[in-house]
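Coordinate inspection notes
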Amino acid sequence: MSTRIPEGVLELVDGLYLVTGYPCDPRPVPDYSGASVYLARGRGKECILVDSGFRRFTDSIVDLLDQMGVTASDVKMVVYTHGHGDHAESCEYFRRQGATTAIHEAARNAGDWGRSPVRADRFFRDGDVLEAAGLKLQAYHTPGHTPDSSCFLLDMAGSRVLFAGDLAGWYFPGRESDYGQMVASVEKVRKLGADLICGGHWLCGGDVDAYWDKLAKSLGEGIFSLVDRFNATEHCELTAKRFQARQRSRVCHPEDPS
Ligand SMILES: [Zn+2]
């Protein structure tokens, strides 16, 4: 199905889009606080979202989906990488439109951390497969940024896509982050061999191994984010462009092992 791609939305691979919060924020960015929202198209018009953003951005996100020919009721499932407001505050809206909302079971206690609990339909565990719209996501519990942080692996149009949330950024010492867990979670997901890492505020679609190495090193040095969130928009645009060019050249030259 061909999809019109409105300004502000990035196509990552066939059927997978970064419907980010940035079109909703005034630019230049005095307050870049929106997390990335990803849309994966599945069966027919049905689709899933990975994270759905702040409540105050919901109208803008819904408008972008509308321009892509997707209504809120086509969203069959929203999976959350964790319950922070910039990722999950709009949960209730999509739930009311009929989407199944899913988050790791550790989010049941999210109220203990000074934020509202996410009202999810499903609390999953490590290793669970989440299915909707003809798509299957493998869930991995990856605590560190928060106790309920999770990653999801999806095979999409020949690419192995890892939704990583805020693993790799950001570490909040003294709040709900746990340094040891973060290091262990990075080691856990780097073994999955993803081609494209879709983060909560960043993308990595080039040399993924080099990225994990850099991240492991920076964690060892006590630096907890490789991403300057104020440049997140430019970073995502550039990475998406490079990744698509790389995938295209793979398709054109399948014998090329690089
Ligand atoms: Zn977060």
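**What to know about the confidence of the model for the protein chain**
The pLDDT averaged across the protein chain works out to 82; a share of 79% of its residues lies at or above 70. Low pLDDT, under 50, characterises residues 23-32; the stretch is placed with 13 contacts to residues that sit more than four places away or in other chains.

**Looking at the pairing of strand β9 (residues 135-141)**
Counting buried positions along β9 yields five of seven residues, so the element is predominantly enclosed. Relative to β9, strand β8 (residues 129-132) runs antiparallel, the two being bridged by four bridges. Residue Val-129 lies in a different strand from β9, and its bridge partner there is Gln-138. Between the end of β8 and the start of β9, which pair antiparallel, lie two residues, with Ala-133 showing a positive phi angle near 55°. Bridging between β9 and strand β10 (residues 150-156) involves four bridges; their strand directions are antiparallel. Residue Tyr-140 lies in a different strand from β10, and its bridge partner there is Cys-151.

**Some details on the nonpolar core**
Side chains that are nonpolar tend, in soluble globular proteins, to be buried together. Core analysis: the biggest nonpolar cluster contains 60 residues, and Tyr-38, Ile-48 and Val-78 have the highest contact counts within it. Once residues within four sequence positions are removed from consideration, Tyr-38 is found in contact with Leu-16, Tyr-17, Leu-18, Val-19, Leu-49, Val-50, Asp-51, Phe-163 and Cys-198.

**Section: helix α1 (residues 58-67)**
Among all positions of α1, only Ile-61, Val-62, Leu-64 and Leu-65 are buried. The buried residues of α1 occupy one face: seen down the axis, they fall within an arc of 160°. Residues of α1 that are exposed and point over 90 degrees away from its buried face: Asp-59 and Asp-66. The inward-facing, buried residues of α1 abut β1 (9-13), β2 (16-19) and β3 (38-41). Looking one or two residues beyond α1, the residue adopting positive phi is Gly-69, at roughly 85°.

**Things to note about unusual backbone geometry**
One non-glycine residue with positive phi stands out, namely Ala-133, at about 55°. Along the polypeptide, Ala-133 turns up in the loop between β8 and β9. Residue Ala-157 is not a glycine yet carries a positive backbone phi of 50°. Note on placement: Ala-157 falls in the loop between β10 and β11 (159-165). Since 13 C-beta atoms lie within 10 Å of it, Ala-157 is described here as partly exposed.

**Structural notes on the sheet that holds strand β7 (residues 122-124)**
The strand order across the open sheet built from seven strands is β1-β2-β3-β4-β5-β6-β7, with neighbouring strands paired in mixed fashion. Either end of the sheet is taken by a strand with one partner, and the two such strands are β1 and β7. Ignoring which end each strand starts from, the neighbouring axes of this sheet average 25° apart. In terms of strand pairing, β2 meets β3 through three bridges, oriented antiparallel. Bridging across to β3, Leu-18 finds its partner in Tyr-38.

**Here's the deal with the environment of Ala-139**
Examined against the element boundaries, Ala-139 turns out to sit in strand β9. On the neighbour-count criterion, Ala-139 (21 C-beta atoms within 10 Å) is buried. Along the backbone, Ala-139 and Gly-127 are twelve residues apart, and their C-alpha atoms lie at a distance of 5.4 Å. For Ala-139, the contacting residues outside a window of four places in its chain are Phe-124, Asp-126, Gly-127, Asp-128, Leu-130, Ser-150 and Phe-152.

Definitions and cut-offs
Counting from 1, residues in each chain are numbered in the order their sequence is written. Since the coordinates come from a predicted model, pLDDT governs what is reported: local features require at least 70, and pairs of side-chain atoms require 80 or more to be given and counted, while whole-chain, interface and lining totals use all residues. Within a predicted model, pLDDT stands for the predictor's per-residue confidence, ranging from 0 to 100. Note on contacts: residues are paired as contacts if their backbone-placed C-beta atoms lie within 7 Å. Three exposure classes are used. Buried residues have 20 or more other C-beta atoms within 10 Å of their own C-beta, exposed residues have 12 or fewer, and partly exposed residues fall in between, all C-beta atoms being placed from the backbone. Runs of H or I in DSSP of at least four residues are treated as helices and runs of E of at least two as strands, each being numbered from the N terminus. Two strands pair under a simple rule: DSSP has to find at least two bridges between them. In this usage, the nonpolar core is the set of buried Ala, Val, Leu, Ile, Met, Phe, Trp, Tyr and Cys residues whose C-beta atoms join them within 7 Å. Note that the arc is defined by the directions from the helix axis to the C-beta atoms. The axes used here are C-alpha line fits, helices contributing only the stretch in contact, and every angle between their N-to-C directions lies in the interval 0 to 180 degrees.

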